[in-house]
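Observations on chain architecture
As a plain string of letters, each chain reads:
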Amino acid sequence: MKRQKSFHNDKPTLYLVATPIGNLAELTNRAVDILKAVDVIACEDTRTSKVLLDHYSIKTHTISYHNFNEEDSAHGLIKLLEEGKDVALISDAGYPLISDPGYALVNKAVNKDFNVVCISGANAALNALVASGLSTNHYLYYGFMSEKSSGVKKELEKLLTFPYTMIFYEAPHRIKNTLRYALDILGNRKACIARELTKNHEEYIRGTLEEMQELDDLKGEIVLVIEGFHEDEIVIDYISVKEMVDTYISEGMSAKDAIKKTAKEMGISKNEIYNYYHAKNC
Ligand code: SAM
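Remember, it's a predicted structure, so these values are computed and weren't measured experimentally. (Residues numbered from 1 in each chain as written. Predicted model: local features only at pLDDT ≥ 70, side-chain atom pairs only at ≥ 80, totals over all residues. Heavy atoms only, no water.)

Thoughts on the pattern of salt bridges
Within the structure shown, the criterion is met by 14 salt bridges. E82 is the partner of K112 in a salt bridge, and the nearest nitrogen-oxygen pair spans 3.4 Å. Here K112, found in the loop between α4 (103-111) and β5 (115-119), pairs with E82, found in helix α3 (residues 70-82); they are 30 residues apart in sequence, far enough to count as distant. Since its relative accessible area comes to 46%, E82 is described here as partly exposed. Here E196 ties to K199 by a salt bridge, and the two come within 3.2 Å at their closest N and O atoms. By relative accessible area, K199 is classed as partly exposed at 28%. Taken together, the shared-partner salt bridges in this structure form one network comprising E196, K199 and E221. (Salt bridge = Lys/Arg side-chain N within 4 Å of Asp/Glu carboxyl O. Helix = DSSP H or I, 4+ residues; strand = E, 2+ residues; numbered from the N terminus. Buried < 20%, exposed > 50% of the residue type's maximum accessible area, 1.4 Å probe, protein only.)

Some remarks on the pairing of strand β10 (residues 222-226)
Across the 5 residues that make up β10, a large majority, 5, are buried. Of the two faces of β10, both are covered, the one formed by I222, L224 and I226 as well as the one formed by V223 and V225. Pairing geometry for strand β7 (residues 165-170) and β10, over 5 bridges, is antiparallel. By the bridge assignment, F168 is partnered in β10 with L224. When strand β8 (residues 190-195) meets β10, the two strands line up antiparallel, connected through 5 bridges. (Pairing = 2+ DSSP bridges.)

Details of a positive patch on the surface
Positive charge collects at one region of the surface, where K256, K260, K264 and K270 lie side by side. Mapping K264 onto the fold places it in helix α11 (residues 255-266). (Patch = residues over 30% accessible without salt bridge, like charges linked within 9 Å, V, L, I, M, F, W, Y side chains within 5 Å. Areas by Shrake-Rupley, 256 points an atom, 1.4 Å probe, with all protein chains shown as cover. Lys, Arg positive; Asp, Glu negative; His and termini not counted. Charge placed at Lys NZ, Arg CZ, Asp CG, Glu CD.)

Topic: the domain arrangement of the protein chain
Per the domain assignment, the segments of the protein chain are domain 1 (13-122), domain 2 (126-226) and domain 3 (238-281). Look at where the C-alpha atoms of domain 1 and domain 3 centre, and you get two points 52 Å apart. (Domains from an automatic or database assignment.)

Here is the structure:
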């Protein structure tokens, strides 16, 4: 066990500083102070971050921290901490480590007992969630799904009975397919597309997955929020349960095996399928 009293020791600190997701004004005063005070700012992309740093007249030395050579970069930054330097890590937008690089560095810094401190700020997922109109009691931040259609389908199948709001990051050229797979696999649920958050063209599209099939040409940066599974969806899908079990039985399976296979395919427990099939005499 390790305890870190962030502001009561002399150890060097790795600051994880959240930066704006669009509107440059959304950088906190505290973040500006830290970015000016540290010895080095490690950026996901130094050219992208220059716009922000210039805007706030932050002249601190920057170096790049790339995802594709994260291990090497992390090693280099740990060396700086070992030399007694304070380091800030920023990504192109939002929180570092949230669908962005930084995990290898934080992991190493924690293991080596350096201070690791987060400086709050913007995050696309939370902006989208709180304004989506969907339940915020419990939620899953999923981030990006696979780039392949087959991967997306598998991931959505795994989430079929997940009972809480789900937040996905998505690229504009993939959103149409993702919306179609979501409707096919999850059924018609409430959803929200949050686009270009904090920017001039910010847009929230709230409705059902079915309604969203008509959307064309969604540009810019996108967060897709989908409501979680409700128990009563099983009742709605009841006819399919019966059809599937009956089909397998007609193909020669025992009722027990047919129920087992249906349960697996629908992502519902065997007992539930059994109860629906037998007790309710569907
Ligand atoms: N680290 C960031 C964060 O904390 O939100 C996420 C970085 S991830 C590489 C980029 C993705 O985040 C985009 O493809 C989009 O899905 C989402 N995103 C970032 N900025 C956004 C914005 N202004 N509006 C909507 N989605 C945004």
